[in-house]
Amino acid sequence: MTVEPTEVEAAAARTIFGPRLDLAHAYAQALATAGVERGLIGPREAERIWERHLLNCAVLQELVPADVELGDVGSGAGLPGIPVAIARPDLTVYLIEPMLRRTTWLREIVTELGLENVEIIRGKAHIVAESGQHFDVVTSRAVAALPTLAEWSMPLVRKDGQLLAIKGDTAQEELVAAAEVLTALGAASSDVVRCGESVLDTPTTAVRIVAGRQGQLPKKKAASAAGKKAPGSGAKSRAGSSGSGSRAGAKRASSSPGRRR
Ligand SMILES: C[S@@+](CC[C@H](N)C(=O)[O-])C[C@H]1O[C@@H](n2cnc3c(N)ncnc32)[C@H](O)[C@@H]1O
């Protein structure tokens, strides 16, 4: 099966990916074939791989400053982290994902594409935060409702850094629902933004939260982390290496993940 973008999608892809367009084609092809066979995305996604996945995710890069470190929480098959990393070779992108099956795929595809600006961290977001790692920008898509997502992601954000969460039509409502949590987590500002308006028929909606201080674990998480240090916490694996031995991936988060996209 070959996955060709429509004319409109191809024009958008040329603008977004520039000289790295071939890498975007190779990733789209792999996602629509091996990605579907391995259950990383649903079978119906293959025919809308460009619009709904590569382009929808890659335009998030418009909000990302130059030369920064970006952590992508709950990366799954590599979304939005891999399209952003392809579009922006100046960034160092860390794909954060607890499930071994998915980090195995991520290591394979990152190696196959030769993406030197991507690293893979196996673990849940709070375990990575517990290890003291911070990023200038933390992205996500379809991981959890905003109050939960903020609790997981804000501890990973450096002072003045941003959390960028791709959300659908409910973005504004989620932001209102998360107001109290965001204040407690030290958010300096938050808004709903649209990306890709000049290239996409349907621009991507994202919630943007700016951190007023370097992220810390919420008190109850910090207390339990201090009492019980998780094995493998903080283990970071370069793409293509054998990965961490963290058991974090085996334990499900108590909050239900957001709508699958
Ligand atoms: C519905 S999938 C979305 C994957 C991808 N972001 C996308 O848009 O296609 C949610 C992902 O979040 C991961 N996840 C769940 N809880 C997590 C946590 N606490 N920290 C990091 N990732 C988590 C899951 O393993 C899964 O890969």
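Rules used throughout
- Residues numbered from 1 in each chain as written.
- Predicted model: local features only at pLDDT ≥ 70, side-chain atom pairs only at ≥ 80, totals over all residues.
- UniProt positions renumbered as here; feature names shortened; annotations may be inferred.
- Helix = DSSP H or I, 4+ residues; strand = E, 2+ residues; numbered from the N terminus.
- Near = placed C-beta within 6 Å.
- Nonpolar A, V, L, I, M, F, W, Y, C, P; charged D, E, K, R; others polar.
- Buried ≥ 20, exposed ≤ 12 C-beta atoms within 10 Å, placed from the backbone.
- Arc of directions from axis to C-beta.
- Contact = placed C-beta atoms within 7 Å.
- Pairing = 2+ DSSP bridges.
- Right-handed = clockwise from strand over helix to strand, strands pointing away.
- Core = buried A, V, L, I, M, F, W, Y, C linked by C-beta atoms within 7 Å.

Student: Account for the UniProt feature "binding site: S-adenosyl-L-methionine" (unreviewed entry) in the chain, naming residues and giving values.
Tutor: Within the UniProt annotation, "binding site: S-adenosyl-L-methionine" (unreviewed entry) is assigned to Gly74, Leu79 and Arg141. What stands out for the annotated residues spanning 68 residues is how close their C-alpha atoms remain, the widest pair being 8.3 Å apart. Here Gly74 lies in the loop between β1 (69-73) and α4 (81-87). Within the secondary structure, Arg141 is located in strand β4 (residues 135-141).

Student: With reference to specific residues and values, describe the site of the ligand.
Tutor: Near the ligand you find 21 residues, and of these Gly74, Gly76, Lys124, Ala125 and Arg141 are the closest. Broken down by class, the residue content of the shell around the ligand amounts to 12 nonpolar, 3 polar and 6 charged.

Student: An account of helix α1 (residues 7-17) is requested, with residue identities and associated values reported.
Tutor: Turning to α1, its buried residues number three or more, namely Glu9, Ala12, Ala13, Ile16 and Phe17. Viewed along the axis of α1, the buried residues span an arc of 105 degrees, placing them on a single side of the element. Facing away from the buried side of α1 by over 90 degrees, the exposed positions are Glu7 and Ala11. Where α1 is buried, its residues meet α2 (21-37), α3 (49-58) and α4.

Student: Give a description of the pairing of strand β5 (residues 157-167) that names residues and reports values.
Tutor: With 8 of its 11 residues buried, β5 lies for the most part within the structure. By the bridge criterion, 6 bridges tie β4 to β5 in an arrangement that is parallel. In the sheet register, Ser140 faces β5, and the bridge partner there is Ala165. For the crossover that starts at β4, traverses helix α7 (residues 146-153) and ends in the parallel β5, the hand is right-handed. As paired elements, β5 and strand β7 (residues 204-211) share 6 bridges and run antiparallel to each other. Looking at β7, one finds that Ile166 is bridged to Ala206.

Student: Tell me about the environment of Gly196, and please be specific about residues and values.
Tutor: Tracing the chain through its elements places Gly196 in the loop between β6 (187-195) and β7. The sequence separation of Gly196 and Val36 amounts to 160 residues, and the corresponding C-alpha distance is 26 Å. Each residue touching Gly196, except ones within four places of it in the same chain, is listed here: Val59, Glu62, Pro203 and Thr204.

Student: Tell me about unusual backbone geometry, and name the residues and values.
Tutor: Cis rather than trans, the peptide bond between Leu79 and Pro80 has omega equal to 5 degrees. The phi dihedral of Asp67 is positive, around 60 degrees, even though this residue is not glycine. Within the element layout of this structure, Asp67 appears in the loop between α3 and β1. You can call Asp67 exposed: it has 10 C-beta atoms within 10 Å. For Ala142, which is not glycine, the phi dihedral falls at a positive 55 degrees. Along the chain, the position of Ala142 falls in the loop between β4 and α7. Take Ala142: there are 18 C-beta atoms within 10 Å of it, and that puts it in the partly exposed class.

Student: Give a description of α7 that names residues and reports values.
Tutor: Burial runs high along α7: 6 of the 8 residues are buried. Looking only at α7, the buried set comprises Leu146, Leu149, Ala150, Glu151, Trp152 and Ser153.

Student: Give a description of the environment of Asp201 that names residues and reports values.
Tutor: Structurally, Asp201 can be placed in the loop between β6 and β7. We classify Asp201 as exposed; it has 10 C-beta atoms within 10 Å. Expressed as a C-alpha distance, the spacing of Asp201 and Glu51, which sit 150 residues apart in the sequence, is 9.3 Å.

Student: Talk me through the nonpolar core; I want residue IDs and the actual numbers.
Tutor: In terms of nonpolar packing, the biggest core is built from 75 residues, with Tyr27, Leu54, Ala58, Leu60, Val84 and Ala150 touching the most fellow members. Each residue touching Leu60, except ones within four places of it in the same chain, is listed here: Pro80, Val84, Thr139, Leu164, Ile166, Cys195, Thr204 and Ala206.

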